[in-house]
Amino acid sequence: MTDTILQSRNLKLYYATRKGVVKAVNNVSFDLQKGESLALVGESGCGKSSLAKAIIRLLPRNIATYTGEVLLEGQDIMKLSDTQFRRQIRWKRISMVFQGAMNSLNPVLKIGYQVAEPLLIHEELDKKEAKKRAVEALRIVGIHESFVERYPFELSGGMKQRTVIAMALVTNPDILILDEPTSALDVITQANIMNLLKKLKKEMQLSYIFITHDIGLSSELADKVAVMYAGEIQEVADADTFYAKPAHPYSQKLMASVPTLRTEKKPEFIPGAPPSLVNPPSGCKFHPRCPSAFDRCSKENPPVFDLGSGHLVKCWWYAK
Amino acid sequence: MAVKGFAKFVAKRVLTIFLVIVIALYVTIFIANMGGVVDEIVKSTIKMEVAMRFRGPEWQRYDPEEREKLMLQEYELELARRGLNQPFLIRSVIYLWNALTLDLGRAEYLTSDTGSRYVRNIILERLPTTVMLFTTATVLNFLINMAVGLYLSRHHGSKLDKFFIGMAPTSVIPGWFYGIFLILIFASQLHILPYGGLVDVEIVKTRDPFLYAMDVLKHMILPLSSWIISAFFLGCYSNRTFFLIFSTEDYVEAARAKGVPPRQIETKYILRPSLPPIITGFALGLINSWSGAIITERVFNWPGLGTVTYAAINLFDSAVLIGVTVIYAYLLGATVLILDILYGLIDPRIKVQYGR
Amino acid sequence: MENAAAEYSIKGILKQLLTYKSGVFGISLLVLLILISVYTMITIPYSTAIELWRGGENVWIENPRNAQPTWIRYLGKNLPETIKRDSTQAGRVGTIKVLTPIPERNMKLLHISFSFDYEYDDFPSEINIFFTSKYNTSAPLLRIYWIKPSGTKINLMTYIPRSQEERLSLSINPTVSNRLYAYTVNVLGGEPQVPLLVEQAMFAMEDETMNSTLTATPMKGKYELIIEGTLYGEDSDVDAKLIVYGKVYGLAGTDHLRRDLTVALLWGTPIALSFGLTASLTISLLQLLIATISGYYGGKVDSAIQRLTEGYMILPFLPFLILIATFYRLDIWILLLVIIVLSVFGGGVKSTRALVMQIKEYPYIEAAKAYGASSKRIILLYIIPKILPPIVPGLIGSVPGYVFLEAALSLLGLGDPYLPSWGKIIEDSYAGGALYKGHYYWVLEPASMLILTALAFSFLGFALDKIVNPKLREV
Ligand SMILES: Nc1ncnc2c1ncn2[C@@H]1O[C@H](COP(=O)(O)OP(=O)(O)OP(=O)(O)O)[C@@H](O)[C@H]1O
Ligand code: SF4
Ligand SMILES: [Mg+2]
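Here we summarise the structure given alongside this text. On a predicted model such as this, the values are computed, not experimentally measured, just so you know. (Residues numbered from 1 in each chain as written. Chains lettered and ligands numbered in written order. Predicted model: local features only at pLDDT ≥ 70, side-chain atom pairs only at ≥ 80, totals over all residues. Heavy atoms only, no water.)

Structural notes on the site of ligand 2
Residues and elements named next belong to chain A.
Right, on to step 1. If you check the shell around ligand 2, you find His248, Pro249, Cys284, His287, Cys290, Ser292, Ala293, Cys297, Cys315 and Trp316 and nothing else.
Right, on to step 2. If you map ligand 2 onto the pockets, it falls in the second largest cavity.
Right, on to step 3. Classifying every residue of the shell around ligand 2 gives seven nonpolar, three polar and no charged. (Near = heavy atom within 4 Å. 1 Å grid on protein atoms, 1.4 Å probe; cavity = no way out; pocket = protein on both sides within 12 Å on 5 of 7 lines; lining within 4 Å. Sits in = over half its atoms within 2 Å of the grid points. Nonpolar A, V, L, I, M, F, W, Y, C, P; charged D, E, K, R; others polar.)

Here is the structure:
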């Protein structure tokens, strides 16, 4: 096994709202190996972005709870002060490409400046040097030098996405969190971006946390898959294992909802409504929608069962 | 290259705005002349001018009747010379030209402070006072509301913030209306500020420019305050909301993630992108201020365009009223143009569109 | 998307409104204003209102000029109310009339006595006697005396009515003035510094305070006015009515023409509500329609409408309005029409159009298009119902603007020539120098009504905005 670069232990992120406490990230634990890409999948609203933000500590104002451990090469970065975190971790070690990257660019600043900005801040480079590195980063993601002087509105959606990726890479981080990096793009651009990400990973020794609600897409890039439901991680498995034989009933449902070319089977929809994160169901959060649910499921929250070789499942079914 | 492109942008805006002004003036003439008012003004102006020519001593030896006849002849000739005996469609174009060149004829009753009877003089003399007061008011409002709005957005959710939200609806009450109350309190009751006007006669007599300026400032306090009070709560509230909305943009969060320090986030990522709409807001404020001027000047007896308008309404001095409308069309056009240019300098979209 | 797509029912909105303080406040004010309007229209029909307001002196002759509202007495000095005595109602309190024929001589002796208690802290504002005389040969000869609580009896004047109906204004009568001056000199033992007004001298304490109008104070007690006279002829008769005008009147006071301000204050309510609501409603709906057409059809129609709205921004709206109103002397409803025409392409078009563009992309509208629904159907059944809720707060919130516009036009002398509106009262008070002379009630009353109306709609609009745009609740 390779080295573990990032570990999350019992990470919690709750929001305070008018309606009550939203448990967006609830006791999440997972490991990320160096050079590995972990796909984080789940329905919209299950807490994927919240988990990413909890890791990179980009929190909204209405935080109710923010606890747990995040170990970066063994060091608990949750213990760092905000300033330390900003100076030592963000962008230097962990970068992020935000959901809706189209809007991640300031409309009134030039592309080149925005890509170079992290260098100006974190590495205190002079403008010329920073610009050179920005041009380099843009070249890597496939954007021509001449765009340095352009404004975001002059770029297509795919180019903006590439720019944002360049902006995340310019400081040479170890880990890149990608929050739905392709969701607003058309199919061809989507494929281009996916190819770019594959290429980058190989060339730059990056570790990815790749967030998507599209389980099909995750299969292209993922070494490992984590399935999230109602703020909790329900299953973690090697990509091959997962796609061949998902263990958790929710994962199975998710897989069944993907249209495939091979079989004639129609994609299934998961019946029932997504769970409330304010008043989640008792016991196993999935039990109201779970076809395999039995007595115990609604009463006790299942622990994580290890099915061997790092295949983790949070389901009572595996207690038998 | 960029300069040339920008000139093109400005030229385009000038043309568009000029077109609107032309339309506005034509509509004015059309409305005004539905009862033949413009014809009357023009004719009486020409009559007066012709009469002036017959004042000289060389005419005194003619007997009055004959002089009258000659005068009438001359008047008819003048009408024909200016093409004013033609159908309305053609006449209206002549009037339009006159209006565009500010050839506004003679007032029936009003005179300018310098004694001129020409509408142009009467109005142009008052224009600076109006522009001074209401530009100051708009700029002050703008700055105050921006500063407080920014402060509130930083402390959003605080008691003060809630107070502003609660008070915002009171801003529907217009400035002139608050003006009445301010006069009541500070002039009628406390006698510490003047009821209205531009400057005290006593001060004018001293011929001291410094005292004069101070006294004008003193007379500006109440009108300015009335406008500031009126716009205060809503202005601050909407700026605050505006900044808050802009600070939830994805690129602000991205900048925060990148580690951009808070100061820079505020200036580069919140203020800069929000500048174009803010400029638009300022433009609208200025435009509204010109209209609001008429009634506010009436309340404070401020000797600007509004007071002229009020006097013209009461004396039914149509020439002056038409003149005021013409000046307003120009004033609004000029305001929009200046702000358009400002906008063009700030918004990269326009810079790029015309710059390359 | 969810905010625009959310369905609204009137009941639901009302329920939500009541959870906001501003909503409760706005609704209660509005209900109050509507009640006032209904009450007004029932108790003072339109024609009566116009008659009262335009009726001139005769309707209001028994009212004091520029009297403050009566309740002002509870805040400070005990200001006098108007006192009336009428000899046709002899036998009533303080009213005596005796007519004694002189046998054989075809003459009658008249004795009228009016008495009243005066317990106020201030002087009356004016004193008039109205005579109704009947005679055929020669006019009656009347002597008028004034008896103060101290017992002093002053011969005010000798009066001969020249026609059947006649008004004797004591306050401005030179004879009376001279007699009272002599009386003042007599009391003081010398010339007064500032001679007292007639009504002051008649009611003043008889001491050194009579020296000036500033120091004079009213004497409290029982006053009496006596009219004695000789009438000639068989059926000759004289009746008199004494009015000692006070300084307070009714709930709202009076204006410079003695008119009861309640008439205009009450009638101003339905006028303001209907003017503001009609203007706002019509303009909003027309703008909605234009915006929908612009946004839905796009292309040339859209860009034409867009250019038009941009041009409208530069048009000198208020000068146009003033020009039209001055040249054609419009009544309020035509004025309303002009305002509507001048506003249809105003700012609302742009923002509503943006909303339409958004809604146009909704899947179910695409779907409706796909199964072949006509454009008219889509606009009326799908788009308009969706954009209606978001524009309602703006609609309600812009009502005060139009109410104040009417007031502003009135203040410029361009209001409706007949209708009593709040703006007209303010104009009257301004022209009458109310702020210089201290007649604050005259300005403050219509101003408060305007403020109440403005706040009602404004608070309601804000509360509705929070309900319809839930985003605002968060920030
Ligand atoms: N600042 C916040 N305050 C309150 N609730 C929040 C906040 N941010 C997110 N939420 C709620 O937390 C839950 C998880 O949100 P999150 O954005 O993490 O979901 P997600 O899995 O990324 O969904 P998507 O696929 O739509 O991006 C959602 O129900 C969301 O409404
Ligand atoms: S624990 Fe029970 S309810 Fe939950 S997923 Fe397993 S079987 Fe289904
Ligand atoms: Mg997300």
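Next comes the rest of the write-up.
Considerations on the nonpolar core
Right, on to step 1. In this structure, Trp176, Val320 and Ile322 of chain B together with Ile322 of chain C are the most contacted members of the largest nonpolar core, which totals 166 residues.
Right, on to step 2. Ranked by residues supplied to this core, first place goes to helix H18 (residues 440-468) of chain C with 16 residues.
Right, on to step 3. Setting aside its immediate chain neighbours within four residues, Val320 of chain B contacts Ala107, Leu110, Val119, Ile122, Ile123, Val308 and Ala312 of chain B.
Right, on to step 4. In terms of nonpolar packing, the next biggest core, distinct from the first, is built from 101 residues, Leu169, Ala226, Cys284 and Cys290 of chain A among them. (Core = buried A, V, L, I, M, F, W, Y, C linked by side-chain atoms within 4.5 Å. Buried < 20%, exposed > 50% of the residue type's maximum accessible area, 1.4 Å probe, protein only. Helix = DSSP H or I, 4+ residues; strand = E, 2+ residues; numbered from the N terminus. Contact = heavy atoms within 4.5 Å.)

A closer look at the site of ligand 1
Residues and elements named next belong to chain A.
Right, on to step 1. Neighbouring ligand 1 are 16 residues; Ser44, Gly45, Ser49, Ser50 and Asn62 lie closest to it.
Right, on to step 2. Separating an oxygen atom of ligand 1 from a backbone N or O atom of Gly45 is a distance of 2.7 Å.
Right, on to step 3. Taking Gly47, its main chain carries an N or O atom lying 3.0 Å from an oxygen atom of ligand 1.
Right, on to step 4. Relative to its unbound accessible surface of 630 Å², ligand 1 loses 69% to contact with the protein.
Right, on to step 5. Elements with a minimum of two residues in the shell around ligand 1: strand E1 (4-17), strand E2 (20-33) and helix H1 (48-56).
Right, on to step 6. In terms of residues, the shell around ligand 1 owes the most to one element, H1, which gives three residues. (Polar contact = N/O pair within 3.5 Å; in protein donor to acceptor, adjacent residues only side chain to side chain. Areas by Shrake-Rupley, 256 points an atom, 1.4 Å probe, with all protein chains shown as cover.)

Things to note about the coordination of the magnesium ion (ligand 3)
All names here are of chain A.
Right, on to step 1. Around the magnesium ion (ligand 3), the protein contributes the donor atoms Ser49 (OG) and Gln99 (OE1), at 1.8 to 2.2 Å from the metal centre. Here Ser49 is found in helix H1, whereas its partner Gln99 is found in the loop between strand E6 (94-97) and helix H3 (111-123), with 50 residues between them in sequence.
Right, on to step 2. Here Ser49 falls in the buried class, since its relative accessible area comes to 18%.
Right, on to step 3. Judged by relative accessible area, which is 39%, Gln99 ranks as partly exposed. (Donors = N, O, S within 2.8 Å, 3.2 Å for Na, K, Ca; no water.)

Things to note about the pattern of salt bridges
A side chain of one charge can pair with a side chain of the opposite charge when the charged atoms of the two come close.
Residues and elements named next belong to chain A.
Right, on to step 1. Tallied over the full model, the rule gives 38 salt bridges over all chains.
Right, on to step 2. With its nearest N and O atoms 3.3 Å apart, the salt bridge here joins Lys79 to Asp76.
Right, on to step 3. Since its relative accessible area comes to 68%, Lys79 is described here as exposed.
Right, on to step 4. Note on Asp76: relative accessible area 13%, which makes it buried.
Right, on to step 5. Of the charged contacts in the structure, one is a salt bridge between Lys201 and Asp223, with a shortest N-O distance of 3.0 Å. Linking Lys201 in helix H6 (residues 187-204) with Asp223 in the loop between helix H7 (215-221) and strand E9 (224-229), this pair joins segments that are 22 residues apart in sequence.
Right, on to step 6. Through salt bridges with shared partners, one network takes in Lys34, Glu73, Arg93 and Asp174. (Salt bridge = Lys/Arg side-chain N within 4 Å of Asp/Glu carboxyl O.)

As for the interface of chain C and chain B
Right, on to step 1. Contact with chain C, which involves 43 residues of that partner, is made by 53 residues of chain B.
Right, on to step 2. Buried surface at the junction of chain C and chain B, summed over both partners, amounts to about 4,400 Å²; 82% is from carbon and sulfur atoms.
Right, on to step 3. Where chain C packs against chain B, one counts zero salt bridges.
Right, on to step 4. Broken down by secondary-structure element, the contributors of at least two residues to the side of chain C that touches chain B are helix H9 (299-314), helix H10 (317-328), helix H15 (399-411), helix H16 (422-431), helix H17 (434-437), H18 and helix H19 (471-474) of chain C.
Right, on to step 5. Counting residues per element, the side of chain C that touches chain B draws most heavily on H18 of chain C, which supplies 12 residues.
Right, on to step 6. Residue composition of the side of chain C that touches chain B, grouped by class: 36 nonpolar, four polar and three charged. (Buried area = accessible area lost by both parts, 1.4 Å probe.)

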